[in-house]
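These are the residues of each chain, in order.
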Amino acid sequence: YDAKHRRDTVVVYAPESDHNTPERLSLLGDLRRALDPEVAAPDAGEITMYYQPQIEIQTGAVVGVEALLRWRHPKRGMVDPEELIKVAEQSAVMRLLTRRVVDDVVEQLAKWQAAGVCLRAAVNVSIRDLHTLEIVDQIRERLTRFAVSPAQLQLEITEGALMADPRRVLATLSELAKLGVAVALDDFGTGYSSMQHLRRLPLTEVKVDRSFVLGMATDADDHAIVRTVIDLAGALGLRVVAEGVEDERTWRLLRSVGCHVAQGWFYARPMPADELAEWLGRYRPLNPSS
Ligand code: C2E
Ligand code: MG
Ligand code: MG
Ligand code: MG
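- An unreviewed UniProt entry annotates the protein as GGDEF-domain containing protein of Asanoa iriomotensis.

Structure follows, in structure tokens:
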């Protein structure tokens with residue numbers, strides 16, 4: 001994420017250690033504290049959401065944003081979200097974290113709505129979040145309370161979520177679909193990438209993993225993989241989002257292979273909600289015929 005924060009990013013988890021090291025337990029304790037509304041008010045700022053624009057390639061229109069978690073630990077500085085999620089997923093804290101993320105994002109959607117900005121926001125959820133229907137109830141309640149349409153919210157799941165308990169995950173996804181909340185399959189191509197998932201799940205969108213997108217301008221294999229995912233998804237009626245678009249060359253390639261939506265530093269980095277409002281005011285689509 002943001003290069004300016006990269007230097008003070010800390011790695012908090014060594015994937016090879018599966019047990020509760022003192023390091024992990026202390027981080028989880030800190031996270032629990034940061035999430036406790038009694039201790040840290042939501043606007044105390046330790047945990048915040050950043051938003052990254054998603055752009056329709058053919059028109060240049062901003063079609064949505066992806067909400068990405070940021071945790072500025074009082075002592076450790078900015079914590080790498082990927083590492084943080086790996087730790088949180090092993091514990092019940094994950095549910096608290098997702099609860100907070102969904103609450104914040106729906107409230108933000110209502111604020112944008114009041115300001116006349118119509119955006120759709122995608123929220124990343126984890127394996128644990130999909131094992132019960134609790135998240136469906138939470139989303140329903142929150143949308144109703146803030147008068148936000150379900151069509152404005154989207155979830156992003158990874159295939160790992162499906163491998164753990166496919167039956168229960170499918171039940172949750174079906175309820176979300178009934179509610180009108182769309183689901184995207186994130187990081188496609190890095191996990192099990194089963195065709196069954198694309199066929200059987202109530203998905204509307206596939207996100208090509210950024211590792212392939214980053215390489216497609218220089219690596220023929222990556223280029224072939226991205227093209228194939230676009231063709232496959234297109235044949236199944238799914239929208240394709242390319243993440244990790246860092247330069248104009250990649251953007252042009254994606255346009256020429258018919259990718260629908262792009263997201264990446266070429267357009268904008270993830271940013272706080274107030275910066276996003278300014279960015280939207282400044283944003284001018286690239287000339288589609290250039
Ligand atoms: P993801 O969902 O695949 O998110 C995309 C990641 O790519 C983000 O990293 C984003 O900042 C980064 N990115 C965007 N554009 C570019 C680009 O042009 N180049 C490069 N190199 N990277 C780009 P981030 O924010 O560090 O998040 C990492 C992962 O952590 C996410 O991957 C997601 O799996 C997880 N995550 C982040 N926020 C949340 C959250 O609220 N809940 C859950 N469950 N997971 C989250
Ligand atoms: Mg994502
Ligand atoms: Mg991804
Ligand atoms: Mg990822």
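## Digging into the overall build of the protein
Link 1 in the chain: Tallying secondary structure elements over the protein gives 12 helices and nine strands in all.
Link 2 in the chain: Taken over 290 residues, the protein has a buried fraction of 50%.
Link 3 in the chain: Looking at the protein alone, contacts between residues at least 24 apart form 69% of all its contacts between residues at least 6 apart.
Link 4 in the chain: Looking at the protein as shown, the accessible area adds up to about 13600 Å², and 53% of this sits on carbon and sulfur atoms.

## Thoughts on the side chain of K207
Link 1 in the chain: Checked against the element boundaries, K207 lands in strand β7 (residues 205-208).
Link 2 in the chain: Judged by relative accessible area, which is 0%, K207 ranks as buried.
Link 3 in the chain: Not counting residues up to four positions away in its chain, the partners in contact with K207 are Q54, E66, E156, A184, L185, D186, D187, F188, V241, E243 and Q263.

## Here we look at the pattern of salt bridges
Link 1 in the chain: Applying the stated criterion to the full structure yields 18 salt bridges.
Link 2 in the chain: Salt-bridge contacts for R95 lead to D129; the nearest nitrogen and oxygen are separated by 3.1 Å. Taken as a pair, R95 in helix α4 (residues 93-114) and D129 in the loop between β4 (121-124) and α5 (134-145) lie far apart in primary sequence, 34 residues in all. Taken individually, R95 and D129 each receive the classification buried, so the pair is uniform in this respect.
Link 3 in the chain: R95 is the salt-bridge partner of E134, the closest N and O atoms lying 2.8 Å from each other. In this pair, E134 is assigned in helix α5 and R95 in helix α4, connecting sequence segments 39 residues apart.
Link 4 in the chain: Overall, the relative accessible area of 33% leaves E134 in the partly exposed class.

## What to know about the coordination of the magnesium ion (ligand 2)
Link 1 in the chain: Surrounding the magnesium ion (ligand 2) are the protein donor atoms E66 (OE), N124 (OD1), E156 (OE) and D186 (OD), which sit 2.0 to 2.2 Å from the metal.
Link 2 in the chain: Separation of the magnesium ion (ligand 2) from the magnesium ion (ligand 3) amounts to 4.1 Å, with D186 serving as a shared donor to the pair. Taken together, the residues N124 in strand β4 and E156 in strand β5 (residues 153-157) connect sequence positions 32 residues apart.

## Here's the deal with the site of ligand 1
Link 1 in the chain: Around ligand 1, the surrounding shell holds 26 residues, and the nearest of these are R70, D186, R210, E246 and W265.
Link 2 in the chain: Residue L69 places a main-chain N or O atom 3.1 Å away from a nitrogen atom belonging to ligand 1.
Link 3 in the chain: Expressed as a share of its isolated accessible area of 800 Å², the protein-covered part of ligand 1 is 93%.
Link 4 in the chain: Looking at the shell around ligand 1 residue by residue, the classes come out as 12 nonpolar, five polar and nine charged.

## A look at the environment of R145
Link 1 in the chain: Along the chain, R145 falls in helix α5.
Link 2 in the chain: Placed 35 residues apart in sequence, R145 and A110 show a C-alpha to C-alpha distance of 9.8 Å.

## Some points on unusual backbone geometry
Link 1 in the chain: Phi angles above zero are rare outside glycine, and A147 is one such case at about 50 degrees.
Link 2 in the chain: Counting through the fold element by element, A147 comes out in the loop between α5 and β5.

## Here's the deal with the nonpolar core
Link 1 in the chain: If you look at the biggest cluster of nonpolar residues, it comprises 77 residues, and the most contacted ones within it are L31, Y51, V105, V123, I139, L173 and L254.
Link 2 in the chain: With 10 residues, α4 is the single largest residue contributor to this core.
Link 3 in the chain: Not counting residues within four places of it along the chain, the set of residues in contact with L173 comprises L130, I157, L162, V183, L201 and P202.

## Let's talk about the confidence of the model for the protein
Link 1 in the chain: On average, residues of the protein carry a pLDDT of 89, and 89% of them reach 70 or more.
Link 2 in the chain: Low confidence marks residues 1-8, where pLDDT is under 50. Its contacts with residues over four positions away, or in another chain, come to 22 contacts.
Link 3 in the chain: Across the assembled chains, the prediction reports ipTM 0.98 with pTM 0.92.

## Let's talk about the packing of helix α2 (residues 22-35) against helix α3 (residues 81-88)
Link 1 in the chain: Here α2 crosses α3 at 95 degrees, and the two axes come no closer than 10 Å. The orientation of α2 relative to α3 falls into the category roughly perpendicular. In contact with R24, L27, L28 and L31 of α2, α3 contributes L84, V87 and A88.

The rules behind each value
- Residues numbered from 1 in each chain as written.
- Chains lettered and ligands numbered in written order.
- Predicted model: local features only at pLDDT ≥ 70, side-chain atom pairs only at ≥ 80, totals over all residues.
- Heavy atoms only, no water.
- Helix = DSSP H or I, 4+ residues; strand = E, 2+ residues; numbered from the N terminus.
- Buried < 20%, exposed > 50% of the residue type's maximum accessible area, 1.4 Å probe, protein only.
- Contact = heavy atoms within 4.5 Å.
- Areas by Shrake-Rupley, 256 points an atom, 1.4 Å probe, with all protein chains shown as cover.
- Salt bridge = Lys/Arg side-chain N within 4 Å of Asp/Glu carboxyl O.
- Donors = N, O, S within 2.8 Å, 3.2 Å for Na, K, Ca; no water.
- Near = heavy atom within 4 Å.
- Polar contact = N/O pair within 3.5 Å; in protein donor to acceptor, adjacent residues only side chain to side chain.
- Nonpolar A, V, L, I, M, F, W, Y, C, P; charged D, E, K, R; others polar.
- Core = buried A, V, L, I, M, F, W, Y, C linked by side-chain atoms within 4.5 Å.
- pLDDT = per-residue confidence, 0-100.
- Axes fitted to C-alpha atoms, helices over the stretch in contact; angles between N-to-C directions.
- Parallel < 35°, antiparallel > 145°, perpendicular 65-115°, else oblique.

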